[in-house]
Amino acid sequence: MEKIKIITTVKDMHEFSRQAKKAGKRIGFVPTMGYLHEGHMSLIRKAKELSDIVVVSVFVNPTQFGPNEDFAKYPRDFERDKKLIEDNGGTAIFYPTPEEIYGQNFQTYVSLDELPKTLEGEFRPSHFKGVTTVVSILFNCVSPDVAVFGQKDAQQAAIIKRMTKDLKFDCEIIEAPIVREQDGLALSSRNIYLSASERKDALVLSKSLFHADALIKKGEKSAANLIQEMTAIINSVATSKLDYVSIVDAETFVAVKTLEKGKEYYFLIACRIGATRLIDNMKITL
Ligand code: AMP
């Protein structure tokens with residue numbers, strides 16, 4: 001098997017993509033912060049289905065972490081990531097340092113007006129500005145024809161879709177479903193922080209989503225009732241501390257009061273289990 005190409009500079013990334021385009025290749029792109037799991041793998045395989053060449057970026061982006069968040073201790077294991085990307089059909093890894101991306105005297109940021117104000121944006125005020133800035137930079141480095149993002153970060157995916165349209169990036173955005181453990185826990189690089197007992201408690205996130213789904217199937221239409229039931233499940237373990245449970249219109253991300261037939265919604269949760277902040281969600285079509 002041809003060895004995977006590791007690209008660490010912006011100049012080499014530009015050159016790689018230029019050559020790929022010249023050869024008539026369609027470039028698929030999967031941006032990640034590394035410490036990969038099966039959720040990331042599913043995005044890489046999806047990108048492979050949709051393109052000739054798959055570039056995966058591994059970059060723990062400092063600008064999307066708040067001052068008291070886990071940037072320094074975010075898990076990193078490049079050798080393991082490299083093997084996983086290779087085994088799942090990746091062609092190249094873009095693996096720049098923060099200095100390569102932000103250099104000296106960096107001062108240009110990309111931010112949206114409305115979508116980042118609520119939910120994750122409310123609890124992590126500078127987070128999405130960091131995400132949209134780095135994704136813009138990565139798009140300019142990689143020049144992808146298609147990029148795959150996970151529904152795991154549903155608000156992020158909506159923001160990236162909006163930004164891509166607004167800034168006229170010539171790139172299709174695909175959203176891939178959430179990959180879960182057998183017992184329901186959504187895969188996340190941060191699950192490594194959980195102790196054995198916290199790992200059990202963390203099931204309250206997916207349990208509350210599945211419970212809401214069951215209630216809807218029985219005819220429940222009130223967002224307040226559904227949120228109350230979900231909140232009770234999350235609060236049933238002593239280690240949990242809820243940031244939000246919210247039901248939003250899947251297009252606008254605006255919170256709704258009553259669910260209507262034929263419409264699509266996201267049920268979204270963010271909560272701490274011990275010291276670890278987890279998010280999960282479910283897309284529901286009525
Ligand atoms: P991260 O490395 O956490 O920045 O995630 C990189 C990409 O993988 C993002 O588009 C995430 O939404 C996606 N992702 C993370 N966890 C999962 C999961 N459990 N299932 C599907 N995609 C995921």
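Preceding this paragraph is the structure being described.
Residues numbered from 1 in each chain as written. Predicted model: local features only at pLDDT ≥ 70, side-chain atom pairs only at ≥ 80, totals over all residues. Heavy atoms only, no water.

## Notes on the nonpolar core
One broad trend across soluble globular proteins is that nonpolar side chains are buried collectively. If you look at the biggest cluster of nonpolar residues, it comprises 45 residues, and the most contacted ones within it are Val55, Phe94, Phe139 and Phe253. In this structure, Leu203, Val245, Ile247 and Leu259 belong to the second largest nonpolar core, which totals 27 residues. (Core = buried A, V, L, I, M, F, W, Y, C linked by side-chain atoms within 4.5 Å. Buried < 20%, exposed > 50% of the residue type's maximum accessible area, 1.4 Å probe, protein only.)

## Quick word on the sheet that holds strand S6 (residues 172–176)
Spatially, the 6 strands line up as an open sheet ordered S1-S4-S3-S2-S5-S6, and their pairing is parallel. Of all the strands in the sheet, the pair left with one neighbour each is strand S1 (5–7) and S6. Strand-to-strand, the axes of this sheet are offset by a mean angle of 25 degrees, without reference to chain direction. Where strand S2 (residues 27–32) meets strand S3 (residues 53–58), 6 bridges bridge the pair, whose relative direction is parallel. Its bridge partner being in S3, Ile27 is matched across the sheet by Ile53. Relative to the sheet, helix H7 (residues 154–166) contacts strand S5 (146–150) and S6, its axis offset from that of S6 by approximately 170 degrees. (Pairing = 2+ DSSP bridges. Helix = DSSP H or I, 4+ residues; strand = E, 2+ residues; numbered from the N terminus. Axes fitted to C-alpha atoms, helices over the stretch in contact; angles between N-to-C directions. Contact = heavy atoms within 4.5 Å.)

## Some points on the sheet that holds strand S8 (residues 264–273)
Pairing is antiparallel across the open sheet formed by 3 strands, whose spatial order is S7-S8-S9. Every other strand in the sheet has two partners, leaving strand S7 (240–249) and strand S9 (276–285) as the edge strands with one partner each. The average undirected angle you get between the axes of adjacent strands in this sheet is 10 degrees. Across 9 bridges, the pairing between S7 and S8 is antiparallel.

## What to know about helix H3 (residues 78–87)
By the burial criterion, the buried members of H3 are Phe78, Asp81, Lys82, Ile85 and Glu86. On an axial view of H3, the arc spanned by its buried residues comes to 130 degrees, and they lie on one face. Looking at the buried side of H3, the elements it contacts are S1, helix H2 (38–50), S3 and strand S4 (92–94). Just past H3, the residue Gly89 takes up positive phi, approximately 100 degrees. (Arc of directions from axis to C-beta.)

## Overview of unusual backbone geometry
Not every positive phi belongs to a glycine, and Tyr35 is a case in point at roughly 50 degrees. With respect to the helices and strands, Tyr35 occurs in the loop between S2 and H2. A positive phi angle is found at Phe253, which is not glycine, with a value near 60 degrees. Of note, Phe253 is situated in the loop between S7 and S8. The exposure class assigned to Phe253 is buried, which follows from its relative accessible area of 4%.

## As for the pattern of salt bridges
Pairing between side chains of opposite charge can happen when their charged atoms approach one another. As enumerated under the stated definition, the model contains 18 salt bridges in all. Asp70 serves as the salt-bridge partner of Arg190, at 2.8 Å between the closest nitrogen and oxygen. You can see Arg190 sitting in the loop between S6 and helix H8 (196–201) and its partner Asp70 sitting in the loop between S3 and H3, a full 120 residues away along the chain. Grouping residues by exposure puts Arg190 and Asp70 together as buried. Residue Asp166 pairs with Arg162 through a salt bridge whose shortest N-O separation is 2.8 Å. Of this pair, Asp166 and Arg162 are both found in helix H7, 4 residues apart, which corresponds to roughly one turn of the helix. (Salt bridge = Lys/Arg side-chain N within 4 Å of Asp/Glu carboxyl O.)

## Overview of the packing of aromatic side chains
Aromatic rings in a pair are described by how distant their centres are and how their planes are angled relative to each other. One pass over the structure, following the stated rule, counts 11 aromatic pairs. Both rings, one in Phe106 and one in Tyr109, keep their centres 5.4 Å apart while their planes meet at 85 degrees; by these two values the pair is edge-to-face. Residue classification places Tyr109 among the partly exposed residues on the basis of a relative accessible area of 39%. Geometrically, the ring pair formed by Phe253 and Tyr266 is tilted, given 5.3 Å between the ring centres and 35 degrees between the ring planes. (Phe/Tyr/Trp six-rings, centres within 6.5 Å; stacked < 30°, edge-to-face > 60°.)

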